[in-house]
Structure formats: structure tokens, C-alpha cells
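Residues per chain, in single letters:
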Amino acid sequence: MNLVEKRDFIHSRLHKVDESLINEFYEMLRKEEVLKAKLIARAQKSEIDTQSGKVFSRTEIEQRTNNAY
């Protein structure tokens, strides 16, 4: 079954499923969108930090990693 067929199958059955399944599906999609937004924001901040020179050297990263344990 290809993607279009799967979407059609799901769409045609949405009105028949109970509310708990709709709620699960809604939460799954909402969490995905929230995660996507967070990852995009994080990547943009990282890009700004890199461009402005706010980076750690390899030695600094190794020291920070070793100190974490």
C-alpha cells in the first residue's frame, strides 16, 4: 500500500473510530510538531552561536565531558 492509499484508508475511517484513538493520534501529531519547532529553534541558535564565535574548542569539550562524570 503506497502513501496515498494509506492516507485515504485512514481518512475514510476517521469518522468511525472512538474518541480515545483520535486523542492518541492528535497527541502524537502535536508532540511531533512541538519537537520539530524546538529542533529548528535549537539549530538556528546554534548557527547564530557559530557565526558569532561562541564555540568550544575540542579541548574544552573534552574537559567539560570529563568533568561531567
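Remember, predicted model here, so these are calculated numbers, not experimental data.

## Overview of helix α2 (residues 19–51)
Since the α-helix turns once every 3.6 residues, residues separated by three or four places project in the same direction. When the terminal C-alpha atoms of α2 are compared, their 48 Å separation across 33 residues agrees well with the 48 Å that a helix rising 1.5 Å per residue should span. Directly after α2, the chain includes G53, whose backbone phi takes a positive value near 85 degrees.

## Comments concerning the pattern of salt bridges
Inspection of every chain in the model, using the stated rule, returns three salt bridges. For the salt bridge of R30 with E27, the shortest nitrogen-to-oxygen distance reads 2.8 Å. Within this pair, R30 and its partner E27 are both found in helix α2, separated by three residues, close to a single helical turn. A residue is classified by how much of its surface remains accessible, and E27, at 29% relative accessible area, is partly exposed. Residues R58 and E62 are paired through a salt bridge, measuring 3.0 Å at the closest nitrogen-oxygen approach. Of the two residues, R58 and E62 are both situated in helix α3 (residues 58–68); the distance of four residues between them amounts to about one turn of the helix. For E62, a relative accessible area of 39% translates into the label partly exposed.

Reading the values: rules and limits
Residues numbered from 1 in each chain as written. Predicted model: local features only at pLDDT ≥ 70, side-chain atom pairs only at ≥ 80, totals over all residues. Heavy atoms only, no water. Helix = DSSP H or I, 4+ residues; strand = E, 2+ residues; numbered from the N terminus. Expected span 1.5 Å × (residues − 1). Salt bridge = Lys/Arg side-chain N within 4 Å of Asp/Glu carboxyl O. Buried < 20%, exposed > 50% of the residue type's maximum accessible area, 1.4 Å probe, protein only.

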